[in-house]
Amino acid sequence: TDCGMPHSATHVVSTLANRLWVTDTENDRICWINVETGEFEGFVPFPGSPTGATVGGKTMAQPHGITSFEEDEEVVGGCRVWVADTGNNRALGFGIGDAQAQRSIGSDIFDHPMDVAAITGGSLAVVCRRGGHVFRAASGELIFMFNHHFMSPNALAFDPRGLLSVLDEYTDRLMIFCASTGEHMRTIGDTGLGSGTGV
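Residues numbered from 1 in each chain as written. Predicted model: local features only at pLDDT ≥ 70, side-chain atom pairs only at ≥ 80, totals over all residues. Heavy atoms only, no water.

**Student:** Can you tell me about the environment of Glu 36, naming the residues and giving the values?
**Tutor:** Take Glu 36: it is sitting in the loop between β3 (29-34) and β4 (40-44). Overall, Glu 36 belongs to the exposed group, its relative accessible area being 67%. Glu 36 sits 17 residues away from Arg 19 along the chain, and the two C-alpha atoms are 8.4 Å apart. (Helix = DSSP H or I, 4+ residues; strand = E, 2+ residues; numbered from the N terminus. Buried < 20%, exposed > 50% of the residue type's maximum accessible area, 1.4 Å probe, protein only.)

Pasting the structure below:
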């Protein structure tokens, strides 16, 4: 479908409420598409809105990763959809169909957050490229999770077995951890060309 973002960097989250949620990095917004009809239904912030997705006086900037909690899962801070607001060093939380973000976390801690992942049990993982950190937020409170000598982590994913996978772009590795404890379980790929110390 044509959502007006043919040249934009995008990340797609699995369907929620019969919608496909997409970040439109180049245009500083998130969009949603009806899964059944393929119709473009809306985006945040709305054009011409003086507030849009503004939180703390700042509008969404260069959003990257986006994730959602299933309808029967616990959520973080009452928000079912979360996006990495990379340009503002924070994560924003939305309810379904919200015109504005309802929650903002990490603005005093995150440094270039690139991706977010919903973790079963009502917590959120956030990976920050600068500093190479992965954080976990539960009930809106930040909990430092782990730093395993990542050089440039930029993507992560959670699976139902309780594992959190982190892609470290600079060292060409995929590192897998226990999401609840942060214990390193496995590394896929070689040490790459970077100067990471490995695990």
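**Student:** Residue-level account of the sheet that holds strand β6 (residues 81-85), with values.
**Tutor:** Spatial strand order, β5-β6-β7-β8: four strands in an open sheet with antiparallel pairing. The strands lining the two open edges of the sheet, one partner per strand, are β5 (63-68) and β8 (103-105). Going across the sheet, the axis of each strand differs from the next one's by a mean of 20°, ignoring polarity. Relative to β8, strand β7 (residues 90-94) runs antiparallel, the two sharing three bridges. In the strand pairing of β8, Leu 92 is matched with Ser 104. (Pairing = 2+ DSSP bridges. Axes fitted to C-alpha atoms, helices over the stretch in contact; angles between N-to-C directions.)

**Student:** Please provide a residue-by-residue account of the sheet that holds strand β12 (residues 141-146), values included.
**Tutor:** Strand order in the open sheet formed by four strands is β9-β10-β11-β12, and the pairing between neighbours is antiparallel. Edge positions in the open sheet fall to β9 (113-119) and β12, since each of these has one partner strand only. Across this sheet, the average inter-strand angle for adjacent strands is 25°, counted without regard to direction. Two elements, β9 and strand β10 (residues 123-128), share six bridges in a ladder whose sense is antiparallel. Within β10, the position partnered with Ala 117 by the bridge is Ala 125.

**Student:** Lay out the packing of aromatic side chains in plain terms, naming residues and giving numbers.
**Tutor:** Aromatic rings in a pair are described by how distant their centres are and how their planes are angled relative to each other. Taken as a whole and assessed by the stated rule, the structure comprises three aromatic pairs. Note on Phe 110 and Phe 135: the rings are 5.3 Å apart at their centroids and 50° apart in plane angle, and the pair reads as tilted. One end of the pair, Phe 110, is in the loop between β8 and β9; the other, Phe 135, is in strand β11 (residues 133-138), with 25 residues separating them in the sequence. Given a relative accessible area of 9%, Phe 135 falls into the buried group. (Phe/Tyr/Trp six-rings, centres within 6.5 Å; stacked < 30°, edge-to-face > 60°.)

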